Amino acid sequence: MINAIVKIGQLVTLAGPARARVGVELRELRIVENAGLLIEDGRIVEVGASSEIEAKVRPGAEVIDAEGRCVTPGFVDAHTHLVFAGNRADEYEKRIAGATYQEIAAAGGGILRTLRLTRAASEDELLGAARRHRDWMLRGGTTTIEAKSGYGLDHETELKMLRVIGRLNEEGPARIVPTLLAAHTIPPEFLSGRADYVRWVAEELIPEVAAAGLARYCDAFCDDHAFTVDETRIVLESAKRHGMGLRIHAEQFRPGTGAGLAAELGAATADHLETVTDETLGQLREAGVQPVLLPGSVFALSRTEYPPARKMAEAGLAIVLATDFNPGSSPVASMPFMLSLACLQMRLTPAEALTAATVNAAYSVGLGGDVGSIEAGKRADFLIHEFTDYRELAYFVAAPLQPRVFVSGREVRR
């Protein structure tokens, strides 16, 4: 267990109010130069000048010299589809040739393709695949991950996926926040009985999952090729009655597909929002819903309509950045690449992007009091980067960065 980090050239603490950051706060990184950290039992005890921290280190303690490099909090990826079997490399090739995401889905590909493979996989096989995906993220500096079910869409496989997420969280080192996404799309056996499927999710599956404590959140995909606003309301109202937090895939392809519902129900997040309107942004702000922006899916689908992040930041919304890692629309596991896209395509500053990928993301998954910033009392989840200036995270696009990754004060090697 590490007891102190000293000689940090640039310590990006993101210390501040005990809530997600908005407006000008998004740019306030609370940087400490020539800094040090004192750590005890996996938590930060003190942040200060390196000389002061060095003077407080007990004899025999383990001390790491950061050699003047930049240190930031670990990334929090607040929207992933971490658990699935197989891949869709052939569909990737089809999209390059001109097929759309919707055309592939209509032909039985997309989510339904992954559904078939995931149903057929054993729990241990899914755990092995998810562990591989998690390790990709850890190597890039992601220390906390929200992970959804949604590639089972039946009782056995949805619970199997949630158990895998639970096992992955228990084994560590990354923290995994579980989300039920049974309302991802209509499974083939219910194509002629949509209402029956929605009823089953709302009246049977959600109560069982909530009672077992298998998921902290419930999500639903509200879109023309997924669930209507009314269907999504039935699912999420049930989740709310059973004490689950709410998240919504909303307005990815068309306005009016769920963001207003997120505000109405007081959801924690509304995710995607590529086509969101100014009016709905106002509703989200008033309701305190955090927008989770997923530029990786826009990039990987070769689309050009990114979420209006600049407008959101200026309107006072507590924006979040995440990967949307999944086998179809966003096979992207890198949070640093999300920072680059946020700056280059959505006009966020590097400081705003880093805030959205750390402390704001932590609050969006209910862990803002524990992770996401480097402050006394919080978990010692942090990265020692190869560089000396935090702006290099976004500036060196898709560089094979290899930060030293620490979770609860222990260095992670993957």
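The residue count restarts for each chain, going from 1 along the sequence in the order it is written. At least 70 in pLDDT is required for a residue's local features to be given in this predicted model, at least 80 for side-chain atom pairs to be given and counted, and no such filter applies to totals for whole chains, interfaces and linings, which use all residues. To get the side-chain values, take all heavy atoms of the structure and skip hydrogens and water.

### Re the overall build of the protein chain
Then step 1. Secondary structure elements are taken from DSSP: a helix is a run of H or I of four residues or more, a strand is a run of E of two residues or more, and numbering for both begins at the N terminus. A count of helices and strands for the protein chain gives 16 helices and 16 strands.
Then step 2. Taking 22 Å as the expected radius of gyration for a compact globule of 414 residues, we find that the protein chain reaches 21 Å, a close match to that expectation.
Then step 3. Each principal axis of the C-alpha distribution contributes one length, and for the protein chain these read about 70 × 45 × 45 Å.
Then step 4. Only protein chains enter the accessibility calculation, which uses a 1.4 Å probe. A residue is then buried if its area is under 20% of the maximum for its type, exposed if over 50%, and partly exposed in between. Expressed as a percentage of its 414 residues, the buried residues of the protein chain come to 59%.
Then step 5. Intrachain contacts of the protein chain at a sequence separation of at least 6 include 73% that bridge at least 24 residues.
Then step 6. All accessible areas in this document rest on Shrake-Rupley with a 1.4 Å probe, and a residue is counted as covered only by the protein chains that are shown. Approximately 15500 Å² of the protein chain is accessible, and the part contributed by carbon and sulfur atoms is 50%.
Then step 7. Within this scheme the basic residues Lys and Arg register as positive and the acidic residues Asp and Glu register as negative, but His and the chain ends are omitted. Every charge is mapped onto a representative atom, which is NZ of Lys, CZ of Arg, CG of Asp or CD of Glu. Once the 44 positive and 55 negative side-chain charges of the protein chain are each reduced to a mean point, those two points are 2 Å apart. In this treatment the radius of gyration is a C-alpha quantity, and the globule benchmark scales as 2.2 Å times the residue count to the 0.38 power. Two residues qualify as a contact provided that any one of their heavy atoms is within 4.5 Å of a heavy atom in the partner residue.

### Description of the packing of aromatic side chains
Then step 1. Each Phe, Tyr or Trp ring (for Trp, its six-membered ring) is paired with any other whose centre lies within 6.5 Å, and the angle between the two planes then decides the class: stacked below 30 degrees, edge-to-face above 60, tilted in between. Evaluation of the coordinates by the stated rule reveals nine aromatic pairs.
Then step 2. Between the aromatic rings of Y395 and F396, the centroid separation amounts to 4.7 Å while the plane-to-plane angle is 65 degrees, which identifies the pairing as edge-to-face.
Then step 3. By relative accessible area, Y395 is classed as exposed at 61%.
Then step 4. A residue is classified by how much of its surface remains accessible, and F396, at 39% relative accessible area, is partly exposed.
Then step 5. Through a chain of ring-to-ring contacts, the aromatic side chains of F84, W136, Y151 and F325 assemble into a single cluster.
Then step 6. Above the face of the F227 ring, R194 is positioned so that its terminal group lies 6.0 Å from the ring centre.
Then step 7. Across from the ring centre of Y217, 4.6 Å away, lies the NZ or CZ of R247, which sits over that ring. Think of it as a cone above the ring: NZ of Lys or CZ of Arg counts as a charge over the ring if it is within 6 Å of the ring centre and within 35 degrees of the ring normal.

### Considering the environment of A361
Then step 1. Summarising the element assignment, A361 is placed in helix 15 (residues 359-364).
Then step 2. In this structure A361 touches V76, A78, V320, T355 and A356, once residues within four positions along its chain are discounted.

### Considerations on the pattern of salt bridges
Then step 1. Only one rule defines a salt bridge in this text: a Lys or Arg side-chain nitrogen within 4 Å of an Asp or Glu carboxyl oxygen. What the rule picks out here adds up to 39 salt bridges.
Then step 2. The partner of E91 in a salt bridge is R88, and the shortest N-O contact between them spans 4.0 Å. For the pair E91 and R88, one class covers both residues: buried.
Then step 3. For E171, the salt bridge is made with R131, and the minimal N-O distance between the two is 2.9 Å. With a gap of 40 residues between them, E171 in helix 6 (residues 155-171) and R131 in helix 5 (residues 123-139) connect regions that are remote in the sequence.

This is a description of form; function is not addressed.
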